[in-house]
Amino acid sequence: MTKAEAKKRIEQLAGEIRGHDHRYYVLDRPGIADAAYDRLFRELQDLEAQFPDLGAPDSPTQRVGGGLRTAFQKVQHLQAMLSIDSLMAADEVLEFDGRVRKGLEVERVTYVAEPKFDGLSVELVYQDGVFVRGSTRGDGETGEDITGNLRTIRALPLRLLEGGVRPKGLIAVRGEALMTLAEFEALNRRLIERSEEPFANPRNAAAGAVRQLDPKITASRRLDLYVYEIMAAETFEPRTQTGTLDALRGWGFHVERNVRVCDGIQDALRYRDELQAKRETLDYEIDGVVIKVDRRDWQALLGMRSRSPRWAVAFKFPPRIEVTKVLDIVVQVGRTGKLTPVASLQPVDVSGVTVSRATLHNEDEVLRKDVRVGDTVRVRRAGDVIPEVVEVLKEKRPRGTTAFAMPAKCPVCGAAVEREGAYHVCTNGLSCLAQLEGHVIHFAARGAMDIAGLGGKTVKQLIEQALVKDLADVYALTPIDFAALEGFAEKSIENMAAALEASKQPRLDRFLFALGIEHVGETVARLLAEHFGALAPLMEATAEDLQQIHGIGPEVAESVAHFFASKRNRKVIERLLRAGIQPVHEARAKGPQPLAGQVMVFTGGLEGLTRPEAQKRAEDAGARIASAISKRVTLVVAGPGAGSKLDEARKLKLEVIDEAEFLKRIGGK
Ligand code: IVH
């Protein structure tokens, strides 16, 4: 191919890919199959590699590039990023309207009311339609240059579409980077699986993602971006806020459709109430509405105060915060031995959810907030997550309270506690019953050994009665042992025995996952299984061997090697094998692959198959299984009792089929 031909093809490919990105990430209407998209993308990457000087900075291949940074540069905004006055009461909004009408000397004003996104405010700068710089709000005048990270957000156009008005010259757009609730929950699940600290709310998660020094991490967090203001434009002057939103949409940005043009302030108040009622059903967090004078010439007439415009206000929703009392602070011990202080609270209703516990994270956090037993505190529910103590009402503190201190000994087993970074951990390993309990529950769970009926309650009893002291004891249990437990009648004892028997040939990767090795989640377990194909060679692998595997870093390699080097762990594994456990590994992709390329989610019940069986069959047919609904999912199998996942799938207009249709597609009965 000549250079001229390459140039033409590169432009053509980039244009096509941009169009597909916009359909997929902004319009939610994919126009092409994943595989076909990947082909276009790879062709473009290859050509750009062959002709490096033809690569453009706004090429779709440049979403992740530039590599690691050591710090963010400070940048001055093109236009100061103002804040808005936040109001909490309808009366104050009426006063705002009064001031606006008086200032303009008019009877009635058209407002535009929009959701107030609870994300991270960013400035996006375009030069002749090409994205050249993005920054955080900072102090309003200067922010941090996070261009590389923002590029990874698919909803951000790297080049403004040419339909509509062509934006020449410099343009600064303001918007909000945020994380959807689905993405947030999936991220937290991954973090918890790796024994890392989950984020308290989507806003923190988005902020964490945007401020990563490595854009690859930002990319993996899949942020979304909505825009709502043109802060500066050299050659384009919208006449209204409505016109601004239309122009932004035309340029290819993600612009919320849930906005209302309001004839007078009462209309805006109604919109706010309606939106509040819908708040819990949106797939991202909002904390109020922003009410803006629609006409830009009127905005200019009204002008601004020192830090905020006179033509806009934020009318916030009431916070999901309530006041209650701390009855106790208990310290919980997790599967990895981590000690977490938890406030046990007088139950209180926080916008429809009863809250009786709140996490206090770690000792530093408790001391920083100085939470004590007997205190009156504010608790908040943020996103769909663990409630947290916001602050102590010190004036209500009774006499004679004492500051919290982390116990020097594990509250469960009495062994010494050590500090590791911000956390305290019990040093007793599996001899600590709390760690053992967490381990056994994990071991028996779905996706691991999948022992039906062996849940938290039963495990607790088995451990209390000293029937289970390590993982291998699970398979030494007899019907007589179960008969001694509460809630076990003849039928359930039979079922339990059958479930134990049925779980004896786990897939190798599930077996590895079940062992509860630190840093070995489902993904790493699969990599290990694929690489070694059997347990024995894996058990002899050194950390160096393990690091050779693509996708496994030094920390994970170290942890795996360390686990299998332990005499005690080897003994447990030996006993498991002697009890008849036979991990099996089948190299993938033997038969026909009718579901190749599909990303599938199962939700609700199945009649003919168990969930693990169905998933295995789907994988054998070439599909990948996801645990949560997202835009990447291509096929959903829904059965009786399917709930929120099905709703989410419908919202994203994903293909949904039932069990019978699934069986038909994989060629089964
Ligand atoms: S307008 C000069 N519209 O809320 C007015 N702000 O202080 C500029 N926010 O951090 C802001 N959603 O980033 C506007 N639809 C929306 C918004 C919005 C969220 C943020 C904004 C700022 C804060 C208000």
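Read on for a plain summary of the structure. (Residues numbered from 1 in each chain as written. Predicted model: local features only at pLDDT ≥ 70, side-chain atom pairs only at ≥ 80, totals over all residues. Heavy atoms only, no water.)

1. Brief notes about the overall build of the chain
In terms of helices and strands, the chain carries 24 helices and 22 strands. The C-alpha atoms of the chain give a radius of gyration of 28 Å, which matches the 26 Å a tight globule of 669 residues would have. C-alpha atoms of the chain, sized along the principal axes, occupy 85 × 80 × 50 Å. Looking at the chain residue by residue over its 669 residues, the buried ones come to 48%. For the chain, the proportion of contacts with a sequence separation of at least 24, taken over those separated by at least 6, is 68%. Surface summary for the chain: the accessible area is close to 32300 Å², and the carbon and sulfur share equals 50%. Across the chain, the 95 positively charged side chains and the 96 negatively charged ones have centroids separated by 1 Å. (Helix = DSSP H or I, 4+ residues; strand = E, 2+ residues; numbered from the N terminus. Rg over C-alpha atoms; globule rule 2.2 N^0.38 Å. Buried < 20%, exposed > 50% of the residue type's maximum accessible area, 1.4 Å probe, protein only. Contact = heavy atoms within 4.5 Å. Areas by Shrake-Rupley, 256 points an atom, 1.4 Å probe, with all protein chains shown as cover. Lys, Arg positive; Asp, Glu negative; His and termini not counted. Charge placed at Lys NZ, Arg CZ, Asp CG, Glu CD.)

2. Brief notes about the packing of helix H3 (residues 90-104) against helix H9 (residues 265-278)
Relative placement of two packed helices is described by the angle separating their axes and the distance separating the axes. Here H3 crosses H9 at 150 degrees, and the two axes come no closer than 10 Å. Between H3 and H9, the angle falls in the class roughly antiparallel. Considering the relative orientation of H3 and H9, their crossing is right-handed. Counting all contacts with H3, which are made through Ala90, Val93, Leu94 and Asp97, the residues of H9 involved are Ile265, Gln266 and Leu269. (Axes fitted to C-alpha atoms, helices over the stretch in contact; angles between N-to-C directions. Parallel < 35°, antiparallel > 145°, perpendicular 65-115°, else oblique. Left-handed = near helix turned anticlockwise from the far one by under 90°.)

3. Re the nonpolar core
Of all hydrophobic cores here, the largest spans 69 residues; its most connected members are Tyr111, Leu124, Leu156, Phe253 and Ile291. Counting residues in each nonpolar core, the second largest holds 55 residues, with Phe443, Leu454, Ala472 and Phe482 among its members. (Core = buried A, V, L, I, M, F, W, Y, C linked by side-chain atoms within 4.5 Å.)

4. As for helix H22 (residues 611-620)
Turning to H22, its buried residues number three or more, namely Pro612, Ala614, Gln615, Ala618 and Glu619. Taken down its axis, H22 places every buried residue within 160 degrees of arc, on the same side. Tucked into the core, H22 has its buried residues touching helix H16 (508-514), helix H17 (522-532), strand E19 (599-603), strand E20 (624-625) and helix H24 (659-665). Phi turns positive, to about 105 degrees, at Gly622, one or two residues after H22. (Arc of directions from axis to C-beta.)

5. Concerning unusual backbone geometry
Unlike most non-glycine residues, Asp450 shows phi in positive territory, near 55 degrees. Of note, Asp450 is situated in the loop between helix H12 (433-444) and helix H13 (456-464). Looking at Asp450, the relative accessible area reads 27%, which means it is partly exposed. In the Ramachandran plot, Ala466 falls in the positive-phi region, its phi being about 60 degrees despite a non-glycine side chain. You can see Ala466 is positioned in the loop between H13 and helix H14 (479-483). A residue is classified by how much of its surface remains accessible, and Ala466, at 41% relative accessible area, is partly exposed.

6. Focus on the environment of Met1
By the element assignment, Met1 lies in the segment before helix H1 (3-26). Along the chain, Met1 and Leu47 lie 46 residues apart, while their C-alpha atoms are 9.7 Å from each other. Ignoring sequence-local partners within four residues, the contact set of Met1 consists of Ala6, Leu47 and Phe51.

7. Describing the packing of aromatic side chains
In the structure shown here, the tally under the stated rule is 13 aromatic pairs. Where Tyr126 meets Phe253, the ring centres are 5.7 Å apart and the plane angle is 90 degrees; that geometry is what we call edge-to-face. Of the two residues, Tyr126 sits in strand E4 (residues 120-127) while Phe253 sits in the loop between helix H8 (241-250) and strand E9 (260-263), which places them 127 residues apart along the sequence. The exposure class of Tyr126 is buried, given its relative accessible area of 0%. (Phe/Tyr/Trp six-rings, centres within 6.5 Å; stacked < 30°, edge-to-face > 60°.)

8. Description of a negative patch on the surface
A surface patch of negative charge is lined by Glu418, Glu420, Glu518 and Glu555. Structurally, the position occupied by Glu420 is in strand E17 (residues 417-420). (Patch = residues over 30% accessible without salt bridge, like charges linked within 9 Å, V, L, I, M, F, W, Y side chains within 5 Å. Salt bridge = Lys/Arg side-chain N within 4 Å of Asp/Glu carboxyl O.)

9. What to know about the sheet that holds strand E2 (residues 85-87)
As summarised here, the arrangement of the five strands in space is E2-E11-E10-E3-E9, forming an open sheet in which the pairing is mixed. Strands at the two margins of the open sheet, each flanked by one partner only, are E2 and E9. Neighbour-to-neighbour, the strand axes of this sheet turn through a mean angle of 30 degrees, independent of strand direction. Of the strand pairs in this sheet, strand E10 (residues 286-293) and strand E11 (residues 312-316) are connected by five bridges, and their pairing is antiparallel. From the neighbouring strand, Gly288 faces E11, where its bridge partner is Lys316. Taken strand by strand, H3 contacts E2, strand E3 (110-117), E10 and E11, and its axis lies near 170 degrees from that of E11. Where H9 meets the sheet, it contacts E3, E9, E10 and E11, and its direction lies at approximately 140 degrees from that of E9. (Pairing = 2+ DSSP bridges.)

10. A look at the pairing of E19
Most of E19 is tucked away, with five of its five residues classed as buried. Pairing geometry for E19 and strand E21 (residues 635-638), over four bridges, is parallel. Residue pairing across strands places Thr603 opposite Ala638, the latter belonging to E21.

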